[in-house]
Each structure stands twice: as structure tokens, then as C-alpha cells.
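Topology and contacts: notes
Here's the letter readout for the chains.
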Amino acid sequence: VCQNPYDLWLQYDKIEDKTLLDSYKKQVSNVYLNLNSPTGDVIKEEIEKSFKGLLHIEPKFDNKTPNLIISTLNKLDPSLKKKLSKTSNINDEGYVIQHISEKGESKIILSAKTEKGLLYGVFNFIKQIQLHKDLSKLTIVDSPKIQKRVLNHWDNLDRSVERGYAGFSIWDWYLLPELIKQEYIDYARANASIGINGTVLTNVNSNALVLSPRYIQKLKALANVFRPYGIQVYLTARFSAPIETGDLETADPLNAEVKQWWKDKAEEIYTEIPDFGGFLVKANSEGQPGPNNYGRSHVDGANMLAEAVAPYDGIIMWRAFVYSEEKPEDRAKQAYSEFKPFDGKFKDNVLVQVKNGAIDFQPREPFHPLFGAMPDTPLMMEFQITQEYLGGMSHLVFLPKLFEEVLEEDTYTQGKGSTVGKIIDGQLSNKKLTGMAGVANIGTAKNWTGHQFGQANWYGFGRLAWNPETSAETIAKDWLKMTFSNNAEFVDPMSKLLLDSREAVVNYMTPLGLHHIMAAGHHQGPGPWVKDMPRPDWTSVYYHKADENGIGFDRTSSGSNALDQYASEIQEKYSDPATTPDKYLLWFHHLPWNYKMKSGKTLWYEITAHYQKGVEQVEDMQKTWQKMQKYVDPQVFKETNMLLDIQLKEAKQWRNACLLYFQQFSKMDLPDLIPEIT
Ligand code: GCW
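The following paragraphs examine the structure supplied in this document. What you see is a predicted model; the values in this text were computed from it and never measured.

Conventions used here
Residues numbered from 1 in each chain as written. Predicted model: local features only at pLDDT ≥ 70, side-chain atom pairs only at ≥ 80, totals over all residues. Heavy atoms only, no water. Phe/Tyr/Trp six-rings, centres within 6.5 Å; stacked < 30°, edge-to-face > 60°. Helix = DSSP H or I, 4+ residues; strand = E, 2+ residues; numbered from the N terminus. Buried < 20%, exposed > 50% of the residue type's maximum accessible area, 1.4 Å probe, protein only. Pairing = 2+ DSSP bridges. Right-handed = clockwise from strand over helix to strand, strands pointing away. Axes fitted to C-alpha atoms, helices over the stretch in contact; angles between N-to-C directions. Left-handed = near helix turned anticlockwise from the far one by under 90°. Contact = heavy atoms within 4.5 Å. Nonpolar A, V, L, I, M, F, W, Y, C, P; charged D, E, K, R; others polar.

**A look at the packing of aromatic side chains**
Taken as a whole and judged by the stated rule, the model has 40 aromatic pairs. When the ring of Tyr-187 is compared with that of Trp-458, the centres are 6.4 Å apart and the planes differ by 35°; the resulting orientation is tilted. With Tyr-187 in helix H5 (residues 182-193) and Trp-458 in helix H13 (residues 454-466), this pair connects stretches of sequence that are 271 residues apart. Overall, Tyr-187 belongs to the buried group, its relative accessible area being 0%. Aromatic ring contacts, followed pair by pair, group Tyr-6, Trp-9, Trp-171, Tyr-184, Tyr-187, Phe-226, Trp-448, Trp-458 and Tyr-459 into a single cluster.

See below:
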């Protein structure tokens, strides 16, 4: 076993099964490839690399008697083209991979409308080999369901990464544009392999320095590296940039000089980077400047920027993560209150980027009520891949399970079946623009993500951005097979481990709808006691509201009425604790400690049992992992063991801290299932 963690899921180790290997060698011995472009070179390199690694062959490219034909549709021999099924279904980034027989000879055709489509097809084709699939049965017709599949780096120009746990930023701004690190190329390749087609290089909290001419040259160097891989670069735009640069005295979006400043800035960037993607903006949130500073609205701000990038097909991703310092309203309600009235008012090249839940990337939140509530505005999903509230660098948590849960939630906003996924991919409204963003968990760590299993979250984000209906189970299995081993004795128990890991973290951190009870500031570890912060909605007591009468946040009509922001089907169900799913119970209700749960037990008992269950689930993860040694690189095996030890220790800390803290209010005994804790 010799996986190299740096190579992520693109492990191309020789296939051991001799029969399989021989059949592959026969099927793809000679490749037709006739592309004369940087993307063509990338495709060729990838074919060479994977065939050398997986099949131990040097592919022939003599174009005479090929059995693997890689060609764009317009250059494909018409007789072959005729044999392909459903090519009209693919979009510009889609592809077809199909096994056909021609004059008794078998051939595999890989075709697409564009070279970018071919690149995605090539990565999928190689994946089929990694997964030991039968190539003689291949018929894959696939296109991304979402257009903008983007990583958001919260990377600062000093190379610190906000909420990053994998070392420093991989962007070495100091040595750019001259030094092009191999990591930049490998980063682009990894992203292309999972269909990610954009990257926002800077933190939403960054200052405007990155917009200066010096930095635009650095950015250009990166864009040149990424282009053959189909990846566009984007930047965050600080709203006060015209002032910060010393050019103007105002950033008022309705001021003519300000408008011109952004137009000039866009021109300057696009002159150097013609395929620049556009800007991501955090405005009037957590101290960031924005249009509100001038008495203007989010629409004024977003549209002003949208106009500046429109001539170049650029887009603006305007974040809806806002919660005002002045408003005493339930924080969960604020983004909806502020943004819903703007539905239909944004320009066509604006996406409103909404976090999956209304608070902040918790282990579990109900879906954000804005999904479905702005039918005339393209909404872009923002997931967090880095584990800010989910154990940071030390906990193994498979996030595709969380993402899947959100995407499958029914908003009922256009009748039953109006899932969040269908709103995001535009199915429900024929949106012209669609997008999904993931806050990256990537850094200078030798394995990119710090925790080896963080790689699965990067991988899974890409898969879901490509197709939000992909199941977490498929993602888990594919990732495990591509990264480690196809052996069922490894894949079956390990995919169970991955799929259960998300519920484990919910259980030992925030079961039954509890949320935001982490330690203040760094958000790692328990802190249900946190109070007396500069803002009430930064404390834990604001969210759990535990007192002698009970626990939970009443968001029904007797409380903040945040429930009112959801469709009536959801309101009806969730307004009564008896019909609210247990997983959201304390998100919507404040209930007495002896409230009788669906299980027949008291609320207090269920809280304790969930915390205990979470701890036991980590113990189960350890047991499973112990059996996997022979499938895993020794260093990865050892390190994961040590990390699981930390996770178990911290899970116990969570259980102990939360139960002892809440017990002072419940004044009820800990049931026998809880070991003695002090
Ligand atoms: O959750 C908060 C994080 C901040 C982050 C902010 C945001 C980038 O604690 O670190 O800032 O969300 O999403 O803007």
C-alpha cells in the first residue's frame, strides 16, 4: 500500500487483478487524440499519467487504429457520431463516453461539444478504471447541473486563512507572478477532476489591496495556470475599495465617480485576464462596509458592480450572510427580512449567495428560509467545507451527508417536491444563472486538507456542485475506492463510517436542534456557558435559552416566529413540537426538561442519550478503523488513529461539559447510561 496523500483521489496505482488489467490494456491500447491546445495537452498528460500508473502502459497516440477516441463532436467522424446516444442532451461542459462496436471492433468514444467537456469526460473515464468498471458496458451521458461551481478561499494576502486548519494559504503572493508553484497546477487538476470551474482566491473579509495593479499581475499568473483546466478566477471586492485605494472619498454606489471607478477597475482586470469570473462581496455584515453606509440598499450595491463587469460576462456573487448589530430580531430571521423584499430587483448577472442555514454553518440547521422565497432571483448555495463548527482540524466528519440533507429538504414553495437542490440548479424557475460555492478547506498541509479525511469533503463538494442529486453514499464509496482500495472489506465498513460520522458530530455537539453553543471566537469545543459578549447573538445562552423551565429557542408564533418565513406546510408541521422532527426540536421550540418525547422518554433523558450516543459512535469509528490497516498507507493509518483519539477525547468533553452545564437547570439525574462524569 503506497498511497501518496498529496495525490488526493487521483491515485493511479497499478491494478492488481491480472484479468481486469489485461482486458483494460486491450481495450484502450491506442488513443486517438487530435487537440492542439493547452487543454488538449492537459488531457494528453492525464491519459499518459493514468495509463502508466493504473495499467503500466505507455499509451500509443498514432491515430490509425485507435480503440479509445477522444474528440470534440464537431471533429468526430460522422459514422461514429451517429452511434452515440443522446449527445443533444449535453451542454457545453457535458460529455458522452460510450462503448460501441464498429465492423466487429470495439471502441470507446469520448466526445463533447467543447474541450472543457472532454477534460471532464477524461477524468470520468479514468475514474471508471479506478473503480474497476466494465468498460465494455459504458454509456455515460453527463453534464453539470449547476453552472458556477466555485471554491471560496477565505485566504488573506498575508497567507493566513480565516477558519483554515490546513496550514497557510497556498497562494504565495510574495513570489507571484514569477514563481509558479507546482501546487497551483496540481490544485487546478484536482478541481477539474471533480468539475469545479471557479475559485475565489481571497477572503470575503480581505481588504482592497488585491485590486491594486501589482496584485492583478499576480492574479493573472494564476489565471494563466488555471485556464487550461477550465477554472476561472474571481476576487472578493471590498465595498470601500475606491476609498481604500486613496482614489475617492466615497464608495456610495449611486455616485457617478464611484460607478466609473469600478468600471475602470473591471476594464483594468479584464484587459489582463479576459476570462476573469467576477466578484464575491460581503457587504454590511460583521463590520464590512457596504451600500447601507450610504443609505443605499444591497440592490444598489450589487447592481452597480454588476454593471461594471457585465460587458465582459462577469458575475457578482452578493452574499446574504447579514445580521445587523442594531436589530434585536432573532438572528435566524434577518437575512430573509433584508433580502426577500429585493426579489427580482437584481441585475441578470447577480447571484445572491446564501449559506445553507440561517445561522452559521452549524453541525445541523434547517435549510435557509430564503431558498424558495426569492423565485425571481438566482440564489447560489454556500456550503462550508472547512470545519469551523465541526471540529476544525481534528474531527473526521463526512460533510457530503450534511450537504445532501440540505439539498434534499423540501421547501414546498412551489408545491411538494420543491427541494433546495431544485431551486439551486434552476429546475424550478429556469434560472439563467446557477451556482454553488464551498468555503475551501485547503492549505499548505502536505495532504492539502490537514486531516486526510478532509479530502473527502472537498471531493464531495465538487460532486454535488456538478449534480446536487448525487447521493452521499455514492460519493463516499467513489472517494474511498479512488483514494484507498476497491476491496469490499474496506469500502463497505468505511463508507458506513463516513456516512455515520456526520450524525455522530451532531450527537456529541448539538443534538435535537441545539446550535451555536461552541466556545466563543474560535468555535472549537463546547461553550454552552458563553455569555457577556459584545453582541448577544455571539453568546451561547442566546441560542439554547436553558433555564429552570426548559431549553430551546422558541421560533414559533409564541416566540420569534422565524417559522413564519417558511412555507405553510412546514409551518403547520413545525409549529407543534409533537410533529416537529426531533432533529429540529430545540431549534423551533423551548420545552420543559420533562417534556415527553416521541420515544416516550423525557427531553432530558433524550438529550443525555444523544450526547452519549455521539461518544459511542466515535468509539465505533475507532473500532472500524483498526481493521483497515492493510488497506491504508502506514503514516495515514497512524495519523488517523491519533486524530480519532483526539476526536474521542473531545467528544467526551462535549458530552461532559454540556450535560453538567445543562444539569444545573434541569436538576435531573444523569441516567445510568452515562458514565460518571465530573
Ligand atoms: O461564521 C462566520 C465566521 C467568520 C466568517 C463569516 C462569514 C469570513 O466565523 O469567520 O468570515 O462567518 O461567513 O462572513
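**Considerations on the pairing of strand E12 (residues 379-384)**
E12 sits mainly inside the fold: six of its six residues count as buried. Of the two faces of E12, both are covered, the one formed by Leu-379, Met-381 and Phe-383 as well as the one formed by Met-380, Glu-382 and Gln-384. Summarising the sheet, E12 and strand E13 (residues 435-439) pair through four bridges and their orientation is parallel. Residue Met-381 lies in a different strand from E13, and its bridge partner there is Met-436.

**Here's the deal with the pairing of strand E9 (residues 278-281)**
Pairing geometry for strand E8 (residues 232-236) and E9, over three bridges, is parallel. Its bridge partner lying in E9, Thr-236 is registered against Leu-280. Taken together, E9, helix H9 (residues 298-309) and strand E10 (residues 315-319) form a β-α-β motif whose crossover is right-handed.

**Describing the sheet that holds strand E5 (residues 139-142)**
Strand order in the open sheet made by the five strands is E1-E2-E4-E3-E5, with mixed pairing throughout. Every other strand in the sheet has two partners, leaving strand E1 (31-33) and E5 as the edge strands with one partner each. The average angle at which neighbouring strand axes cross in this sheet is 20°, direction not considered. Pairing geometry for strand E3 (residues 95-102) and E5, over four bridges, is antiparallel. Residue pairing for E5: Tyr-95 is matched across the bridge by Asp-142.

**Description of the packing of helix H6 (residues 213-226) against helix H8 (residues 256-272)**
Packing of H6 against H8 leaves a shortest axis separation of 9 Å and a crossing angle of 35°. Handedness of the crossing formed by H6 with H8: right-handed. On H8, the residues touching Pro-213, Ile-216, Gln-217 and Lys-220 of H6 are Lys-265, Glu-268, Ile-269 and Glu-272. The residue inventory of the contact of H6 with H8, partitioned by class, reads three nonpolar, one polar and four charged.

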